[in-house]
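Chain and residue survey
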Amino acid sequence: MDRTQKKSRRKATQRPATENLVERIRETLVYFGGEAHRRDVIVNVAREVGVDVKNIPEDFEHAIIVSFEETWRDEARRALYGFHLRFGEGSHRWGLKPVTAH
């Protein structure tokens, strides 16, 4: 195996890709009934990917927060994932919009 393959492998195990984080955030919110404090979401996602929940790295927390916020700010992605901030921008209460039947 050459050096470039080793580097890309190492990066992949250090930090999940943004889309992967967005999917995990969504799954966690579904698990919590559609809404949860962002700290609970971070802990649950960390547990799922094998990070020590007693010592979650700041860059991992930041990656999750940025993933949620970027998705929430993008209208198309927000609609796709259903992300919702019940108390508006800056809220730490993350949620999913309820699906309504047509």
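It should be emphasised that the depicted structure is a prediction, and the values quoted were computed from it without experimental measurement.

With that settled, the discussion passes to the packing of aromatic side chains. Across all of its chains, the model carries 4 aromatic pairs by this definition. Centre to centre, the rings of Y31 and F32 are 5.3 Å apart; their planes meet at 65°, and the pair counts as edge-to-face. Among the residues examined, Y31 registers a relative accessible area of 62% and is labelled exposed. For the pair F68 and W94, a centre-to-centre distance of 4.1 Å together with 0° between the ring planes defines the contact as stacked. Separated by 26 residues along the polypeptide, F68 in helix α4 (residues 58-73) and W94 in strand β3 (residues 93-96) bring together distant segments of the chain. The exposure classification of F68 matches that of W94, with both residues buried. In textbook terms, an aromatic cluster arises when at least three aromatic residues are bridged by ring pairs, as seen for F68, Y81, F83 and W94. The positively charged end of R78 is found above the aromatic ring belonging to W72, 5.7 Å away from the centroid.

Counted at 1.5 Å a residue, the expected span for helix α3 (residues 38-49) with its 12 residues is 16 Å, and the 17 Å between its end C-alpha atoms agrees. For α3, the set of buried residues is R38, V41, I42, V43, N44, V45 and A46. G50 occupies a position one or two residues after α3 and carries a positive phi of about 90°.

Moving on to α4. Taking 1.5 Å of rise per residue, 16 residues should cover 22 Å, and α4 covers 22 Å from first to last C-alpha, within 8% of that figure. When we look at burial in α4, the residues that qualify are F60, A63, I64, I65, S67, F68, T71 and W72.

Let us look at the side chain of R38. The residue R38 is located in helix α3 in this model. Notably, R38 is buried but unbridged: the nearest opposite-charge side chain belongs to E69, and the N-O separation is 4.3 Å.

Conventions we followed
The numbers attached to residues start from 1 for each chain and follow its sequence in the written order. The predicted nature of this model means local features are confined to residues of pLDDT at least 70 and side-chain atom pairs, given and counted, to a pLDDT of 80 or more, with totals for whole chains, interfaces and linings taken over all residues. Computation of side-chain values: all heavy atoms of the structure, hydrogens and water removed. Centre distance within 6.5 Å is the pairing criterion for rings of Phe, Tyr and Trp, where only the six-membered ring of Trp is used; planes under 30 degrees apart are then read as stacked, over 60 as edge-to-face, and the remainder as tilted. Working definition: with a 1.4 Å probe on protein chains only, accessible area under 20% of the residue-type maximum means buried, over 50% means exposed, and in between means partly exposed. Put simply, DSSP H or I for four residues or longer makes a helix, DSSP E for two residues or longer makes a strand, and each gets a number counted from the N terminus. For a ring to carry a charge above it, either NZ of a lysine or CZ of an arginine must fall within 6 Å of the ring centroid while also lying within 35 degrees of the normal to the ring plane. Here a helix's expected span is defined as the number of its residues, less one, multiplied by 1.5 Å. A positive count includes Lys and Arg, and a negative count includes Asp and Glu. His and the chain ends are not counted in either. For salt bridges, the criterion is a side-chain nitrogen of Lys or Arg within 4 Å of an Asp or Glu carboxyl oxygen.

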